[in-house]
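Topology and contacts: notes
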Amino acid sequence: MEVIFMEFEKTKLIELKEKFDSIINTEEKGNIEFWYARDLQIRLGYKRWENFIEVIKKAIQSCENAEIPKENHFREITKMISLAKGAKREVEDYMLTRYACYLIAQNGDSKKEEIAFAQTYFAVQTRKQEIIEDRIKLMNRLEAREKLKESEKQLSKNIYERGVDDLGFARIRSKGDSALFGGLNTMQMKAKYGVKENRPLADFLPTLTIAAKNLATEMTNYNVTEKDMYGEKSITDEHIDNNLSVRKMLNKRGIKPENLKPAEDLKKLERRVKSENKKIANSNKLPNK
């Protein structure tokens, strides 16, 4: 099965955590943690300062867009670095709070595994291993849900152009769910999980199931376009077949999607994430110059 969301191996997570822990600085009087941008640049996998400074600029813009004073979190400084043969040179740098580092990670190259880790590392107030692990699992689930939303949106658009309306799309999706969940359609799975009728089932599914639904939907999207399918019946049959294929693959690994426990409501998780981000922004401001 294609890996459609990132999972860190435990050893890799520990290694990355130690690298980020090693560049923490503390302002003694206020006991305030901060990071230097040039140290962070290396940990985030950027070789050239010229590229990294563009990410910093985007992060500063994000800070200003949130109506948070940038000087509380970004402070431009200069420092001396050693060159060959004992020479020294003055270079540009920044002092950064945890929130500034978080914004930089949010605006960085998401393909870099260091960036993905940093988005979690700087989003939590504590550096405890288990807290970081839990946060990564949460972010993986949110990311998987967003991917499913996009693939379903694309499928809806594709089949609308091929003679299927919104009600037809709902029927296709429900029959796909029935194939994936061993005969239980969308409404039956909602009843099993105690989900209200007006809420999406996917908001209560565990990450693995969301990923499975997304894979089946992407397969349907691909074949609908490649085979130029038309009409509800042919597209329904295609979506059922793809969900059955994904189910078969999971069953080989001893996994039955309908038997997995429901997960916490994603809406609640999103609200919690936003609340935590506000706390980061309002704490650990840089000390006065």
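Use the structure listed above.
Attention in this report is confined to the structure presented alongside it. (Residues numbered from 1 in each chain as written. Predicted model: local features only at pLDDT ≥ 70, side-chain atom pairs only at ≥ 80, totals over all residues. Heavy atoms only, no water.)

**Concerning a positive patch on the surface**
Let me state the cut-off plainly: Excluding any residue in a salt bridge, patches collect residues exceeding 30% relative accessible area, merging like charges within 9 Å and nonpolar Val, Leu, Ile, Met, Phe, Trp and Tyr side chains within 5 Å. Areas reported as accessible are Shrake-Rupley estimates using a 1.4 Å probe. Residue values count occlusion only from the protein chains shown. For salt bridges, the criterion is a side-chain nitrogen of Lys or Arg within 4 Å of an Asp or Glu carboxyl oxygen. For the charge count, each Lys or Arg is scored as positive and each Asp or Glu as negative, with His and the chain ends excluded. Taken as the charge location is NZ of Lys, CZ of Arg, CG of Asp or CD of Glu. Here a strand is any run of E in DSSP of at least two residues, a helix any run of H or I of at least four, and the numbering for each starts at the N terminus. For each residue, the accessible area found with a 1.4 Å probe, counting protein chains only, is set against the maximum for its type, and the residue is called buried under 20%, exposed over 50%, and partly exposed in between.
A cluster of basic residues, K267, K268, R271, K274 and K278, forms a positive patch at the surface. Considering the arrangement of structural elements, one finds K267 in helix 11 (residues 266-281). The class for K267 is partly exposed, based on a relative accessible area of 36%.

**Quick word on the pairing of strand 2 (residues 32-36)**
Using the following cut-off: Following DSSP output, two strands are said to pair if at least two bridges run between them.
Judged by how many residues are buried, strand 2 sits mostly within the fold: four of five residues are covered. Two strands pair when backbone bridges link them, and strand 1 (residues 25-27) and strand 2 are joined in this way by three bridges, in the antiparallel orientation. Along strand 2, the bridge assignment pairs E27 with I32. Relative to strand 4 (residues 88-96), strand 2 runs antiparallel, the two sharing two bridges. Counted as the bridge partner of W35 is L96 from strand 4.

**Section: the nonpolar core**
In summary, soluble globular proteins display a tendency toward joint burial of nonpolar side chains. Selection rule: We define the nonpolar core as a collection of buried residues of types Ala, Val, Leu, Ile, Met, Phe, Trp, Tyr and Cys that are connected through side-chain atoms lying within 4.5 Å of one another. For this analysis, residues touch if any pair of their heavy atoms sits within 4.5 Å.
Formed by 40 residues in total, the largest nonpolar core has its most connected members in L40, F52, I56, F74 and I104. Counting only elements with at least two residues in this core, the list comes to helix 1 (10-21), helix 2 (37-43), helix 3 (49-65), strand 4, helix 4 (98-106), helix 5 (113-121), helix 6 (129-160) and helix 11. Element by element, the count of residues in this core is highest for helix 3, at eight residues. Beyond its immediate sequence surroundings of up to four residues, F52 is in contact with A37, L40, Q41, L44, Y46 and I104. In terms of nonpolar packing, the next biggest core, distinct from the first, is built from 17 residues, L148, F181, Y193 and A202 among them.

**Comments concerning the packing of helix 3 against helix 4**
For clarity, the cut-off: Axis definition: a line fitted to C-alpha atoms, limited for helices to the stretch in contact. Angles are taken between N-to-C directions and run from 0 to 180 degrees. Orientation labels follow simple angle bins: below 35 degrees gives roughly parallel, above 145 gives roughly antiparallel, 65 to 115 gives roughly perpendicular, and whatever is left gives oblique. Left-handed describes a crossing whose near helix is turned anticlockwise from the far helix by less than a right angle; the clockwise case is right-handed.
Interaxial distance between helix 3 and helix 4 falls to 8 Å at its minimum, and their mutual angle equals 115°. Between helix 3 and helix 4, the angle is such that the two are roughly perpendicular. Remark: the crossing between helix 3 and helix 4 carries right-handed chirality. Touching F52, V55, I56, A59, S62 and C63 of helix 3 are Y99, L103 and I104, all from helix 4.

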